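# Structural characterization, general
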Amino acid sequence: MPANLATAAERNTRAFLWFRVLFNSRFYYPIYTILFLDFGLSLEQFALLNLVWAASIVVFEVPSGALADRLGRRRLVVFSAFLMVVEMLLLCLMPVNGGHLTFSLFLANRVISGLAEACCSGADESLVYDSLPESNRHDAWTRVLASLMRWQSLTFMLVALTGAVLYDADPAGGPWDFRPAWLTSLSKEAHMRLPLWANLAMAVATVVVSLRFTDTHVPAASASPKSSFLSVLAGSFRQMANAARFILQTPAALVLILTGMLYDGFMRLFYTVGSNYYRLLGIPESCNGLILAGSSLIGIGTAMVVEKLVGRLQPSQNLGLVAAFIFTGLTGIALQITAWHGWAGILFVVPFWLGMRSLHYFLSQYLHRVTSSDHRATVLSFKGLSMNLAYGAAMWLYGSQTAWLRHQHAAELAPLSKEATDVRLLSLAMPAWPWAFALCTLALTLWVRFRFRRSLTALLATDRPSS
């Protein structure tokens, strides 16, 4: 391998690890749901905004992936970093209980956030994967993913602890409260913004890191430097069509993407309402960071385990294990165990932590095996598109379920405060989730068996990239 390519691989790997850590480890994640609700939104508005976020990714995902393959992946990644800065500025300047203005700004924030996610989805992975030496690319990528899981877990642990403590306006704090006395005297609104300002600084750092990438893939548009924007855009849509045709004609890729849609949609539904679930259990807000820090520690162990599972278990077995994690988690949270001041209910959150980290590791490993370099970013963008489409559907169904439950239990909810109403509606919604997941999983399994007459393991063994 030439020295300049080896240098590019090392540089891209470091930039990729930093970029993913900074882009995804956000200070407001421990209090995500209650942040929206405390700004004055209803549960239905919250669900709608998450649907809009997912829809914006669906709209922009594949075109951005195709443009990345044709114009250069680095350009799209840098653009996504700048969008993150704009996204965070909107949150920092958001008025509390501002009615239509607050909702409108949240709406703009969700669209910009979705565009940022779409622009870097697939492009950042492709930058690294195509710069790795071909001789041992698979093994090298396995190590990169395992390293990413460890670093993300460590960083997310620190960010989660910090964000939750900064958000908590209770001056009493807790044993892990590191705030100085002057900070605890701030108003509730000021505390709500502290994690957001911290994340704005993270966004600026993300821009700096994105500029470190080196694009080793020769984009198709480079053959015609004078190509007009319309010709490049037309070529991008042709790229999209080719990638879509590839997925539909490659059973392994199609099954992987459908599986990712189903599994990721249910897990992200819980992650979206997680902080409200902790309120249901009666756990203080400052403890949310401690809970997510625990998930990060488990994530470090998961990184070491899944790296071995890829080599020891068949793909069908690995994804079956993920399904078992999800079903266990959904069943456990539906029980709403509040013993020991709610901490017993946290035990059933652990399967979601294991499932989410394992799923994306397995999908990345297996999808790269059957995808050629020419449309790698576009295919990965299709994966992101499909998952966000499923997430958007899950949020739409959750919003519809919440609206129906609010109507059905209007008399019970009438005397409750807004916070108590939000918590009660969640407690009424969760028991249906494990049944829905079980039925969807059974339907997908039967469809694959009857459609292809082979397991995912057999499909991956026969479907190979043409280049």
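Residues numbered from 1 in each chain as written. Predicted model: local features only at pLDDT ≥ 70, side-chain atom pairs only at ≥ 80, totals over all residues. Heavy atoms only, no water.

## Section: the overall build of the protein
Helix and strand counts for the protein come out as 20 helices and zero strands. When the 467 residues of the protein are sorted by exposure, 56% land in the buried category. Long-range contacts, defined as pairs at least 24 residues apart, comprise 84% of the intrachain contacts of the protein with a sequence gap of at least 6. For the protein, the exposed area adds up to about 19,100 Å²; of that, 67% sits on carbon and sulfur atoms. (Helix = DSSP H or I, 4+ residues; strand = E, 2+ residues; numbered from the N terminus. Buried < 20%, exposed > 50% of the residue type's maximum accessible area, 1.4 Å probe, protein only. Contact = heavy atoms within 4.5 Å. Areas by Shrake-Rupley, 256 points an atom, 1.4 Å probe, with all protein chains shown as cover.)

## Here we look at helix α5 (residues 100–120)
Between its terminal C-alpha atoms α5 stretches 31 Å, which fits the 30 Å expected from 21 residues at 1.5 Å a residue. Positioned one or two residues after α5, Gly 122 has a phi angle of 85°, which is positive. (Expected span 1.5 Å × (residues − 1).)

## Details of the packing of aromatic side chains
Applying the stated criterion to the full structure yields 23 aromatic pairs. When the centroid spacing of 5.4 Å and the interplanar angle of 80° are considered together, the rings of Tyr 28 and Tyr 29 count as edge-to-face. Exposure remark for Tyr 28: the relative accessible area of 2% places this residue in the buried category. On the basis of relative accessibility, which here comes to 31%, the residue Tyr 29 falls in the partly exposed class. Of the aromatic side chains, those joined through ring pairs into one cluster are Tyr 28, Tyr 29, Tyr 32, Phe 36, Phe 39, Phe 46 and Phe 106. (Phe/Tyr/Trp six-rings, centres within 6.5 Å; stacked < 30°, edge-to-face > 60°.)

## Let's talk about the pattern of salt bridges
With the rule as written, the count across this model stands at eleven salt bridges. In this structure, Arg 406 and Glu 44 form a salt bridge, with 2.6 Å as the shortest nitrogen-oxygen distance. With a gap of 362 residues between them, Arg 406 in helix α16 (residues 376–408) and Glu 44 in helix α3 (residues 43–71) connect regions that are remote in the sequence. For the salt bridge of Lys 418 with Asp 422, the shortest nitrogen-to-oxygen distance reads 3.1 Å. Of this pair, Lys 418 and Asp 422 both sit in helix α18 (residues 418–429), four residues apart, which is roughly one turn of that helix. (Salt bridge = Lys/Arg side-chain N within 4 Å of Asp/Glu carboxyl O.)

## Observations concerning the environment of Phe 36
Note on placement: Phe 36 falls in helix α2 (residues 32–38). A residue is classified by how much of its surface remains accessible, and Phe 36, at 2% relative accessible area, is buried. In the structure, Phe 36 is positioned 70 residues away from Phe 106 in sequence and 8.7 Å away in space, judged by C-alpha atoms. Apart from residues no more than four positions distant in its own chain, Phe 36 is found in contact with Leu 41, Phe 46, Leu 49, Phe 106 and Arg 110.

## Structural notes on the environment of Trp 53
The residue Trp 53 is located in helix α3 in this model. Using a relative accessible area of 11% as the deciding quantity, one classes Trp 53 as buried. Ignoring anything within four residues of it in the chain, the contact list for Trp 53 reads Arg 110, Ser 113, Gly 114, Glu 117, Arg 268, Asn 388 and Tyr 391.

## Digging into helix α13 (residues 315–335)
Its 21 residues place the ends of α13 31 Å apart at the C-alpha level, agreeing with the 30 Å of an ideal helix rising 1.5 Å per residue. For α13, the complete set of buried residues consists of Pro 315, Asn 318, Leu 319, Val 322, Ala 323, Ile 326, Gly 329, Leu 330, Gly 332, Ile 333 and Ala 334.

## Considerations on unusual backbone geometry
Of note in this structure, Asn 97 is not a glycine but carries a positive phi near 55°. Among the secondary structure elements, Asn 97 is positioned in the loop between α4 (73–92) and α5. Overall, Asn 97 belongs to the exposed group, its relative accessible area being 58%. The backbone phi angle of Arg 453 is positive, close to 60°, even though this residue is not glycine. By the secondary structure assignment, Arg 453 is in the loop between α19 (433–452) and α20 (456–462).

## Topic: the packing of helix α11 (residues 251–280) against α19
Running from amino to carboxyl end, α11 crosses α19 at an angle of 175°, the nearest separation of the two axes being 11 Å. Relative to α19, α11 is oriented roughly antiparallel. For the pair formed by α11 and α19, the contact residues are Pro 251, Leu 254, Val 255, Leu 258, Thr 259, Leu 262, Tyr 263, Phe 266, Leu 269 and Val 273 on the first element and Trp 433, Ala 436, Phe 437, Cys 440, Thr 441, Leu 444, Trp 447, Val 448 and Phe 452 on the second. Among the residues forming the contact of α11 with α19, the class breakdown is 17 nonpolar, two polar and no charged. (Axes fitted to C-alpha atoms, helices over the stretch in contact; angles between N-to-C directions. Parallel < 35°, antiparallel > 145°, perpendicular 65-115°, else oblique. Nonpolar A, V, L, I, M, F, W, Y, C, P; charged D, E, K, R; others polar.)

## Observations concerning the confidence of the model for the protein
Mean pLDDT over the protein stands at 81; residues scoring 70 or higher make up 84%. Low pLDDT (under 50) marks residues 221–226, which in the prediction has four contacts with non-local residues, meaning those over four places away or in another chain. (pLDDT = per-residue confidence, 0-100.)

## Topic: the nonpolar core
Ranked by internal contacts, the top residues of the largest apolar core, which has 130 residues, are Tyr 263, Tyr 277, Tyr 278, Phe 362, Tyr 398 and Trp 433. Here the element with the most residues in this core is α11; it accounts for 16 residues. Among residues more than four places away in sequence, those in contact with Phe 362 are Val 306, Leu 309, Val 310, Asn 318, Leu 319 and Val 322. (Core = buried A, V, L, I, M, F, W, Y, C linked by side-chain atoms within 4.5 Å.)

## Describing the packing of α13 against α19
At their nearest, the axes of α13 and α19 sit 8 Å apart, and the two run at 160° to each other. With respect to α19, the element α13 is oriented roughly antiparallel. Taken as a pair, α13 and α19 cross one another with a handedness that is left-handed. Facing α13, whose interface residues are Ala 323, Ile 326, Phe 327, Leu 330, Thr 331, Ile 333 and Ala 334, α19 presents Trp 433, Pro 434, Phe 437 and Ala 438. Looking at the contact of α13 with α19 residue by residue, the class counts come to ten nonpolar, one polar and no charged. (Left-handed = near helix turned anticlockwise from the far one by under 90°.)

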